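Descriptive structure summary
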Amino acid sequence: MSARFPAMLRLAVVYALIGVPSLYSAIPPGYTAPVFPAAGIAMMSLLLWGRALWPGVLLGSLLVQLVASWQAGVQGWAYLALLVVPLAATVQALGSCWLIRRWIGWPNPLDRADSVIRLMLFIIPLSCLLSSGISVPALAALGVLPASDLLFNAWNWWLGDTFGCLIMLPLMLAWFGRPRSEWRARSPALLWPMLLTALTMVGFSALIHHWEALRVQSQFNRDAGQIELALKKRLDMQLDGMLALQQLQTYSSGGSADQWRELTASWLARLPGTQSLGWCPLVSDAERAAFEDSALAGATILARDAAGHVAPSPQRPSYLPVRYIEPFASNKRALGLDILSSPELASTIRHSLQSGLPVASPAIRLVQEAQQQKGVALYQAVYAPLDDSQHQVLRGVVSSLFRMDDIVSSTLQHGVRRDIEVCLIDRDGAPGFHRLSGPANCGKDGWFGQRPHLLSQFSFAGRNWALRLRASEDYLAGLRSWLEWITFVVGLAMTGLFGGFLLIVTGYTRRIEGEVQQRTAELADTNQQLQTQLDATRKAEANVTYLALHDSLTSLPNRACWLTMARHAMAEKDKTQLAVLFLDMDEFKTVNDSLGHPVGDQLLVSISRRLQQPLPPDAMLARLGGDEFVILLPYQQQAQLDALGEQLLALFDPAVVVEQHELRCTVSIGVALFPQDGQDPDTLLRHADMAMYAAKEAGRDTLRYYTPDMNTQAMERLTLERDLRRALQDDPTQLVLYYQPQLDADTGRCIGCEALVRWRHPLRGLMLPGEFISLAERSGLIVELGRWVLAEACAEQARWAAAGLLLPVSVNLSPVQLERSDLTPYVRGLVQRYQIAPGMLELELTEGALMSEDARHLEVFNALMQLGCRFALDDFGTGYSSLSRLKRFPISRLKIDQAFVSTLPGSGDDEAVVRATLSMARDMGMDVVAEGVETDGQHHCLLAMGCTQMQGYRFARPMPAAELYHFVARLPQAQGAS
């Protein structure tokens, strides 16, 4: 409630500010306004901002009713209207909201004719019956509205609320409608026509109202003027009577009661409303007794005090007692009354004595009048004719008392309208006692109200009077003209219907605009989508083109791009000398195998950035793939190429730090020259590749130029690769396994053997692994060769087992084989076929095989362990393995590389490495085999350090399977192994 209080207060203020001026649109004699926009504000406020604002409607209506009650001059129980009307207005606003929500729903854009027609022709007129149906009967019962005009005011009230709602509906929606974007677009087409129509209607209605008010006021002025003239004429006749009696008494000796009756009879007949006409002679104190005896028949002269009580007059120098008074029957109580004794009349009499003119008294209560009617006394001093001394002698005073209501009533009987309210005021009278005649409170400032009226101020017998005339309800009813009301109502009806028409038109227009905007937006969206797709397609095409011509890892040009640029360079007319430098990183495969491909990729990116540093601007660097780069550059002398080669070789001297690994690598460079070594890029690239292999064969980390005899070497490599492929596919008998025993140096027992492949080449004879393994790895034949070795070793072990020799066999496993998904099924098939016992097959891996973070590798290790395989880490200490990976993977044996063994004894560093390896393996529960033991010194040194498992020429060279069988049979464990 506290959060909504400011909104309620604002609603109440706006309701009052709009409602109060609307009261002035009431057409005489109507009390109700034929247009009441505040009702529309109440309805729309509750509809737009919620029904919880109803207290604002109640408070605003209460403020309006305070002003209306003040204007109408309501009194007493009529003030209950302050409660009835605000409650009715609040109920009507709430009922309107309920009907709107129920019949057409809300929020509603009001953009369709059926919704607008139902709202403006049914819902609003029906809901506006609530306030008029409650308020008008209540106001009539309280006396605020005349019962005779009940139907008219009820009809007028209903029209006022209905037209107010019809007019404010489009205006409020234009200003405050929700959603704001919708109504903001419609507001110009609603506001300006509605305001222009409303202003036109208001102006025209105001003009009609002004004309009608002028007509009524003009007619009233004529009728009120007649009353004014008649009343003044009647008062002048009162003065004429006094002057006539004064003249008669001036020259008369006093006369008798009968004579006075004759003198006043005609005047009393002509002056209706006159209470009395009296003669008051001047009586001195010396003459009092004689006057009382002769005139009053012995009665005493009377006096009246300030309270109005009559008693015998105290002794005074002189008296003005009433001697004669007519009509006597109704005024005999005043006989003998000294008019000078009344304090309120004494000053009036003295004024007349001084001026000699008739003087009127203030309003007095007549002793002779039983009713509450007020009277006025008129006194005229009478003097004797002037004598010779020109001295005036007072004879007495002629008095006239008349009843003001009777005088006014008698005046209205002849030729004037009687339905005009007359109020006669003594402006010189005492406060609260200045009204001479007329309705109660007619002397107050607000008595005129909004009715036609006339105020006339004049002097009468020395006093200032005011005549206040006001049109009565009956008078206004008789002058009622329906022209203004009909004009006003028709104008309001047209304005309201025009608002509905604008709602329909603007709604339809807005709906069409919305549909057009929607279609336009859809087209724009479609165009945008097409443009986006087109841009994406162009970007994709550009990206595809870029990717097609550039290496995705290093962003260098790729082979295709380099070949295109090389062809353009060689096709130039000047035919400058060009050199093709083919670069291949040495032992890069070791990095990939040991630390993983992500580390290798980062190493390649760093190397590609380094290679760009010494190159001249016109050089073209590209990555062919893997660890191979190629450079095309123009040159003048071969010395330039030698210098550049040295710079390139020197680039590889600093270590490259990748993920906290310090990597040092070298590069082999082959150079082919254009045009002498080839006329096209493909030929030059092939010759540079040959030169690069020559550099590798020369010890690596060097540069070699192409020579024609390198073609022969390349052909030999191709021939060798072809022969190896044929041997694997067509004649596997060319391949043979040799086995090098592994012994326990303490006991001399053979604890296992390592299978080593040999190739009986038809032309070259027996070839060792170093002569063709690298070729198999480059050509992809390593997988097929590894499968053959694994199968042959298992078959040989099964033959030994059948002969009674149980000897574990170690087989080298390439990292490429570990990557293949068919490794585990293949090994499972071999184990099942040859009935290999658990622990009898050991797979040897290099440290690079442990560098992969792929969880699938660990799954492969675990699956092979479940088949009974053991794992040995070959060439330990030469790669990039870590203790965490040794702990993660199920390695059961470490093989110390020959590089550490060959320097024993004598090398402190290598000895420390061996000791550390043995200690670590012992703590991790692993066995250790020392490879390449060739001398007794190495043998004894290893035994002294605790290494008992050894392999090398010191014990036996690799031998065929049959020789191994006999070799083992001669050893001490032969009996136990059988």
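Residues numbered from 1 in each chain as written. Predicted model: local features only at pLDDT ≥ 70, side-chain atom pairs only at ≥ 80, totals over all residues. Heavy atoms only, no water.

Identification of the protein as EAL domain-containing protein from Aquitalea aquatica is taken from an unreviewed UniProt entry. As recorded by UniProt, the Subcellular location (unreviewed entry) comment attached to the protein reads in full: "Cell membrane". (UniProt positions renumbered as here; feature names shortened; annotations may be inferred.)

Quick notes on the pairing of strand β17 (residues 628-634)
Most of β17 is tucked away: five of the seven residues are buried. Pairing between strand β15 (residues 578-585) and β17: seven bridges, direction antiparallel. Its bridge partner lying in β17, L578 is registered against P634. Where strand β16 (residues 620-625) folds back onto β17 in an antiparallel hairpin, the turn is made up of two residues, including G626, whose phi is positive at roughly 60°. (Buried < 20%, exposed > 50% of the residue type's maximum accessible area, 1.4 Å probe, protein only. Helix = DSSP H or I, 4+ residues; strand = E, 2+ residues; numbered from the N terminus. Pairing = 2+ DSSP bridges.)

Comments concerning the environment of I167
Locating I167 in the fold gives a position in helix α7 (residues 150-176). The spacing of I167 and A198 is 31 residues in sequence and 8.4 Å in space, taken between C-alpha atoms.

Points about the packing of aromatic side chains
Tallied over the full model, the rule gives 10 aromatic pairs. Aromatic side chains F220 and Y475 sit 5.7 Å apart centroid to centroid with 80° between the ring planes, which places their arrangement in the edge-to-face category. Placement of F220 in helix α8 (residues 180-251) and of Y475 in helix α14 (residues 473-479) is noted, with a sequence separation of 255 residues between them. Exposure remark for F220: the relative accessible area of 0% places this residue in the buried category. With a centroid separation of 6.3 Å and an interplanar angle of 80°, the aromatic rings of F402 and F460 are classed as edge-to-face. Separated by 58 residues along the polypeptide, F402 in strand β10 (residues 394-403) and F460 in strand β13 (residues 453-460) bring together distant segments of the chain. (Phe/Tyr/Trp six-rings, centres within 6.5 Å; stacked < 30°, edge-to-face > 60°.)

A few points about the packing of helix α16 (residues 559-571) against helix α20 (residues 681-697)
Viewed as axis vectors pointing N to C, α16 and α20 meet at an angle of 115°, and their least axial separation amounts to 9 Å. Between α16, through R559, W562, L563, A566, R567 and M570, and α20, the contact on the second element is made entirely by P681, D682, L684 and L685. Looking at the contact of α16 with α20, its residues break down into seven nonpolar, no polar and three charged. (Axes fitted to C-alpha atoms, helices over the stretch in contact; angles between N-to-C directions. Contact = heavy atoms within 4.5 Å. Nonpolar A, V, L, I, M, F, W, Y, C, P; charged D, E, K, R; others polar.)

A look at the domain arrangement of the protein
On domain assignment, one finds that the protein holds domain 1 (3-216), domain 2 (228-417), domain 3 (559-706) and domain 4 (719-884 + 957-968). When each unit is reduced to the centre of its C-alpha atoms, the spacing between domain 1 and domain 4 is 102 Å. (Domains from an automatic or database assignment.)

Structural notes on the sheet that holds strand β11 (residues 420-426)
Spatially, the four strands line up as an open sheet ordered β12-β11-β14-β13, and their pairing is antiparallel. A single partner strand is all that each edge strand has here, and the edge strands are β12 (435-437) and β13. In this sheet, adjacent strand axes meet at a mean angle of 25° when their direction is disregarded. Note: β13 against strand β14 (residues 463-471), eight bridges, orientation antiparallel. When the bridges of β14 are listed, L455 appears paired with R468. Of the strands in this sheet, β11, β12 and β14 touch helix α13 (residues 404-411), which is tilted by about 45° from β12.

Here's the deal with unusual backbone geometry
In this model, R178 is joined to P179 through a cis peptide bond whose omega is 0°. Structurally, P179 is set in the loop between α7 and α8. Of note, the bond from F674 into P675 is cis; its omega dihedral lies within 30 degrees of zero at 15°. Along the chain, the position of P675 falls in the loop between β20 (667-674) and α20. Backbone geometry at N441 places phi at a positive 65°, although glycine is not the residue there. The exposure class of N441 is partly exposed, given its relative accessible area of 35%. Positive phi, normally seen in glycine, also occurs at D701, with a value near 50°. With respect to the element layout, D701 can be found in the loop between α20 and β21 (703-705).

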